[in-house]
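Chain by chain, the residues run as shown.
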Amino acid sequence: MDDLRAALSAHGVTLPSLRVDLPSFAGKYRPPAGLVALGNCNAVTARKLVAVLRSDGKAISRPPLDVELPALPGALQGLRRTVRWYLDAPCPDVQLCVTELVTNVIRHVGEGTPVRVRVARTDGDRIRVEVTDPARQALPVPASVPSTLDDEDGRGLALLDAVALRWSVEQGVEGKTVWCELAEAH
């Protein structure tokens, strides 16, 4: 509670209720309906409040975007829109990576294959994109011969390599995950 009191004070917030013995006070106080009494929060909630107050304006982390869908060409536009909504900012490189990774599943594993797309902000101002499919053995391989101007395919991994900081593949028991990390645009 002392940490919470100090964190609130650093933001210019002083609550008289924080000057009393909280454990004994919390047992007697009943807030009006709809009002949460700060003194009634448990230690876990108090620590979370302290972390938010001490974040110095940094964005509060959100849970990752986690979408399961069939890999279909018609789903890509909605998926790009969902990624932009989740990141709450223009994100053409992230949208490109999501599109290319799902398109690789469509082309090399099969249209309609169930995929899981996960997008998350990570520590260090990065965005991680993961696309998981059930085809454990169908690994992405960069084209050995560069695409010509007239080729309709063969550029996906080259594009991924150009915009991502790094990318790789992880094989699991029930499939594989192709992932990449990108710098978050500021």
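What you see is a predicted model; the values in this text were computed from it and never measured. (Residues numbered from 1 in each chain as written. Predicted model: local features only at pLDDT ≥ 70, side-chain atom pairs only at ≥ 80, totals over all residues. Heavy atoms only, no water.)

Caption draft 1: Structural context of helix 6 (residues 156–163). Among the residues of helix 6, those classed as buried are Gly156, Leu157 and Leu160. Projected onto a plane normal to the axis of helix 6, the buried residues spread over an arc of 90° and lie on a single side. Turned more than 90 degrees from where helix 6 packs its buried face, Ala158, Asp161 and Ala162 sit exposed. The secondary structure elements touched by the buried residues of helix 6 are helix 5 (92–108), strand 4 (166–172) and strand 5 (175–183). (Buried < 20%, exposed > 50% of the residue type's maximum accessible area, 1.4 Å probe, protein only. Helix = DSSP H or I, 4+ residues; strand = E, 2+ residues; numbered from the N terminus. Arc of directions from axis to C-beta. Contact = heavy atoms within 4.5 Å.)

Caption draft 2: Inspection of unusual backbone geometry at higher detail. Not every positive phi belongs to a glycine, and Asp88 is a case in point at roughly 55°. Position of Asp88 among the secondary structure elements: in the loop between helix 4 (76–87) and helix 5. Classification of Asp88 by relative accessible area gives exposed; the value is 66%.

Caption draft 3: Layout of the packing of helix 5 against helix 6. For the pair helix 5 and helix 6, interaxial distance at closest approach is 10 Å and the crossing angle is 150°. Regarding the angle of helix 5 to helix 6, the classification is roughly antiparallel. The interaxial crossing formed by helix 5 with helix 6 has left-handed handedness. Counted together, Asp93, Leu96, Cys97, Glu100, Leu101 and Asn104 of helix 5 and Gly156, Leu157, Leu159, Leu160 and Val163 of helix 6 form the full contact between these two elements. Considered class by class, the residues forming the contact of helix 5 with helix 6 number seven nonpolar, two polar and two charged. (Axes fitted to C-alpha atoms, helices over the stretch in contact; angles between N-to-C directions. Parallel < 35°, antiparallel > 145°, perpendicular 65-115°, else oblique. Left-handed = near helix turned anticlockwise from the far one by under 90°. Nonpolar A, V, L, I, M, F, W, Y, C, P; charged D, E, K, R; others polar.)

Caption draft 4: Layout of the packing of aromatic side chains. As enumerated under the stated definition, the model contains zero aromatic pairs in all. When the ring centre of Trp179 is taken as reference, the NZ or CZ atom of Arg128 above it lies at 4.2 Å. (Phe/Tyr/Trp six-rings, centres within 6.5 Å; stacked < 30°, edge-to-face > 60°. Lys NZ or Arg CZ within 6 Å of the ring centre and 35° of its normal.)

Caption draft 5: Representation of the pattern of salt bridges in the model. Applying the stated rule across the entire model yields eight salt bridges. Close ionic contact of Asp66 with Arg116 constitutes a salt bridge, the shortest N to O distance being 2.7 Å. Here Asp66 is found in strand 1 (residues 65–70), whereas its partner Arg116 is found in strand 2 (residues 114–122), with 50 residues between them in sequence. Between Arg126 and Glu181 there is a salt bridge whose closest N-O contact spans 3.0 Å. Here the residue Arg126 occupies a position in strand 3 (residues 126–133), and Glu181 occupies one in strand 5, the gap between them amounting to 55 residues. Relative accessible area serves as the criterion here: at 29%, Arg126 is assigned to the partly exposed category. Judged by its relative accessible area of 6%, Glu181 is buried. Within the structure, one salt-bridge network assembled from shared partners comprises Arg126, Arg128, Glu130, Arg166, Glu170 and Glu181. (Salt bridge = Lys/Arg side-chain N within 4 Å of Asp/Glu carboxyl O.)

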